[in-house]
Amino acid sequence: MTGIAFPQHAPARAFEVVDGELAIGGIGLTRLAARVGRTPFYAYSRAAIATRVAELRTALPAAVQLHYAIKANPMPAVVQLLAGLTDGLDVASAREMKVALDTGTAPEHVSFAGPGKTEGEIAQAVAAGITLNLESELQLEQALAAGERLGVAPQLALRVNPAFELKASGMKMGGGPKQFGVDEELAPALAARIEAAGLKLRGFHIFSGSQNLSAEAVVDAQRKTVELGLRLAAGLARGIDWLNIGGGFGVPYFPREQPLDLAPIGEQLEGLCAQAQAAQGVPLVLELGRYLVAEAGIYVCRVLDRKVSQGHPFLVADGGLHHHLAASGNFGQVIRKNYPVAVGNRIDAADREVQTVVGPLCTPLDLLADRMEMARARPGDLIVVFQSGAYGPTASPAAFLSHPEVVEVLV
Ligand SMILES: *Cc1c(COP(=O)(O)O)cnc(C)c1O
């Protein structure tokens, strides 16, 4: 796969250019748009996802188990593909649990995290035989009660909110007061309660943050996480079956961001795996969402109109924030920056211009590219937003302004 260089953004490595057009899954963009039948759409590349998992496996010790966190991209075809490439699936709702189980993944390889599980969801998870990553004492009692009612031994793990914080993370999900998991001081009491109920605690789940591009910060967090997990496990009569150390590997989206350097992470994990094996005889589990799918996906919309306002060219597209909130800058970002955006059917055209790409919604928030240099576009051209395989359609307000829903294809 050839890479496409963008002046200020990380290169889009997953795609090639054929006859001046971006191609995905070997299909030129114009032809793919004709096949899909309408714009806007998301296209995800099977080859890019498979390559990503293979590269990750090469960089990490073989003993590390790799899970896919479905919430990053729950399209059933994508989840099916990843079910075959990873060692397990992590879900965050009963509906994601259904998608995971529909792939044929065995329930013992599915786990369920989330600070607000309903009693109904807990009962569904117990009935399914998947592992519940418990995040409160009430969740624990409800799981035990569901097990009694159903005559099924619940598969229980404990999500722990560590006292340490993940440095340099895009989104912190541990350290300090948090709604996620139980504070590490409380974990021994809940673990004891599980053992007192005659059950083995399956494992600890310690997820401290997301979208991290600093290898140093990831290495630091993983070392502290394994230390904490093994310390907690040492106090148990029956031990554990695995230690889930979270993930949070980031991908570069914005100018000057660099891809995460896996080498130091893989290097340290060799030692941490050996440590977990020696202390408890258990594997480490990594759960990744974004990292596995983000760079494998593009969002494609069509230029409806081109207007010039006070000398500045605007491309008005048929897609925008209602399908791709993150690219508009409104999904957890403090300062808006441009995703990598290009005119996909004129990807390497020499006639270039600084243009602004906006969506069809009646709000100035509906912005896909703010004054970016790209091929000079005209109505009918196809705008591509790269790095769009994660947190796309399901992380966007699709109903806002009642435009048509977006289509998704895996090619
Ligand atoms: C969101 C989430 C993930 C996935 O995070 P990414 O940044 O997409 O890798 C994994 N585990 C848990 C518990 C999560 O909440």
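Residues numbered from 1 in each chain as written. Predicted model: local features only at pLDDT ≥ 70, side-chain atom pairs only at ≥ 80, totals over all residues. Heavy atoms only, no water.

Comments concerning the packing of aromatic side chains
In the structure shown here, the tally under the stated rule is eight aromatic pairs. With a centroid separation of 5.9 Å and 55 degrees between ring planes, the pair formed by phenylalanine 15 and phenylalanine 386 is classed as tilted. Placement of the pair is phenylalanine 15 in the segment before strand S1 (16–18) and phenylalanine 386 in the loop between strand S21 (382–385) and strand S22 (407–410), with a sequence separation of 371 residues. The class of phenylalanine 15 is buried, set by a relative accessible area of 1%. An angle of 40 degrees between the planes, with centres 4.8 Å apart, marks the rings of tyrosine 42 and tyrosine 299 as tilted. Of the two residues, tyrosine 42 sits in strand S4 (residues 41–44) while tyrosine 299 sits in strand S16 (residues 297–309), which places them 257 residues apart along the sequence. For the pair tyrosine 42 and tyrosine 299, one class covers both residues: buried. The lysine or arginine in question, arginine 52, covers the ring of tyrosine 291, its NZ or CZ lying 3.8 Å from the ring centre. The ring of phenylalanine 112 is capped by lysine 117, whose NZ or CZ atom sits 5.6 Å from the centre of that ring. (Phe/Tyr/Trp six-rings, centres within 6.5 Å; stacked < 30°, edge-to-face > 60°. Helix = DSSP H or I, 4+ residues; strand = E, 2+ residues; numbered from the N terminus. Buried < 20%, exposed > 50% of the residue type's maximum accessible area, 1.4 Å probe, protein only. Lys NZ or Arg CZ within 6 Å of the ring centre and 35° of its normal.)

So, the site of the ligand
Around the ligand sit twelve residues, and of these Lys71, Ser210, Glu287, Arg290 and Tyr391 come closest. With respect to the ligand, the side chain of glutamate 287 contributes an N or O atom lying 2.5 Å from a nitrogen atom. Residue tyrosine 391 places a side-chain N or O atom 2.5 Å away from an oxygen atom belonging to the ligand. In isolation the ligand exposes 380 Å². Once the protein is present, 92% of that is buried. In terms of residue class, the shell around the ligand is built from five nonpolar, three polar and four charged. (Near = heavy atom within 4 Å. Polar contact = N/O pair within 3.5 Å; in protein donor to acceptor, adjacent residues only side chain to side chain. Areas by Shrake-Rupley, 256 points an atom, 1.4 Å probe, with all protein chains shown as cover. Nonpolar A, V, L, I, M, F, W, Y, C, P; charged D, E, K, R; others polar.)

Some thoughts on the side chain of serine 111
Among the secondary structure elements, serine 111 is positioned in strand S7 (residues 110–112). Classification of serine 111 by relative accessible area gives buried; the value is 6%.

Details of the sheet that holds strand S2 (residues 21–24)
One open sheet holds the three strands; their spatial order is S1-S2-S3, and the pairing between them is antiparallel. In the strand order of this sheet, the two ends are held by S1 and strand S3 (27–28), each with one partner. Of the strand pairs in this sheet, S2 and S3 are connected by two bridges, and their pairing is antiparallel. Its bridge partner being in S3, alanine 23 is matched across the sheet by glycine 28. (Pairing = 2+ DSSP bridges.)

Brief notes about unusual backbone geometry
Of note, the bond from threonine 39 into proline 40 is cis; its omega dihedral lies within 30 degrees of zero at -5 degrees. Inspection of the secondary structure assignment puts proline 40 in the loop between helix H1 (29–36) and S4. With a phi angle near 75 degrees, arginine 256 is a residue other than glycine that sits in the positive phi range. Position of arginine 256 among the secondary structure elements: in the loop between strand S14 (242–247) and helix H9 (262–280). By relative accessible area, which is 64% here, arginine 256 ends up exposed. Phi at tyrosine 391 takes a positive value of approximately 55 degrees, unusual for a residue other than glycine. Take tyrosine 391: it is sitting in the loop between S21 and S22.

A closer look at the pattern of salt bridges
Counted according to the given criterion, the structure contains 17 salt bridges. Its salt-bridge partner being aspartate 241, residue arginine 202 comes within 2.6 Å of it at the nearest N-O pair. Of this pair, arginine 202 sits in the loop between helix H7 (187–196) and strand S12 (203–205) while aspartate 241 sits in the loop between helix H8 (215–234) and S14, and the two are 39 residues apart along the sequence. Residue arginine 202 is classed as buried on the basis of its relative accessible area of 17%. With relative accessibility at 26%, the residue aspartate 241 sits in the partly exposed group. Because the salt bridges share partners, they merge into one network encompassing Arg306, Asp351, Glu353 and Arg376. (Salt bridge = Lys/Arg side-chain N within 4 Å of Asp/Glu carboxyl O.)

Comments concerning the side chain of histidine 205
Structurally, histidine 205 can be placed in strand S12. Dropping the residues within four chain positions of it, histidine 205 is found in contact with Ala113, Asn133, Leu158, Arg159, Val160, Asn244 and Glu287. (Contact = heavy atoms within 4.5 Å.)

As for the domain arrangement of the protein
Considered domain by domain, the protein is made up of domain 1 (2–45 + 296–410) and domain 2 (47–293). Taking the mean C-alpha position of each, domain 1 and domain 2 sit 33 Å from one another. Contacts between domain 1 and domain 2 engage 22 residues on the former and 21 residues on the latter. Summing both partners gives a buried area of about 2,000 Å² for domain 1 against domain 2, and 59% of it is carried by carbon and sulfur. Seen at the junction of domain 1 and domain 2, the total is zero salt bridges. Taken together, the connections running from domain 1 to domain 2 amount to seven residue pairs in polar contact (both at pLDDT 80 or more). Examining the composition of the side of domain 1 that touches domain 2, we find that three residues originate from one element, S22, more than from any other. For the side of domain 1 that touches domain 2, the per-class residue count stands at ten nonpolar, nine polar and three charged. (Domains from an automatic or database assignment. Buried area = accessible area lost by both parts, 1.4 Å probe.)

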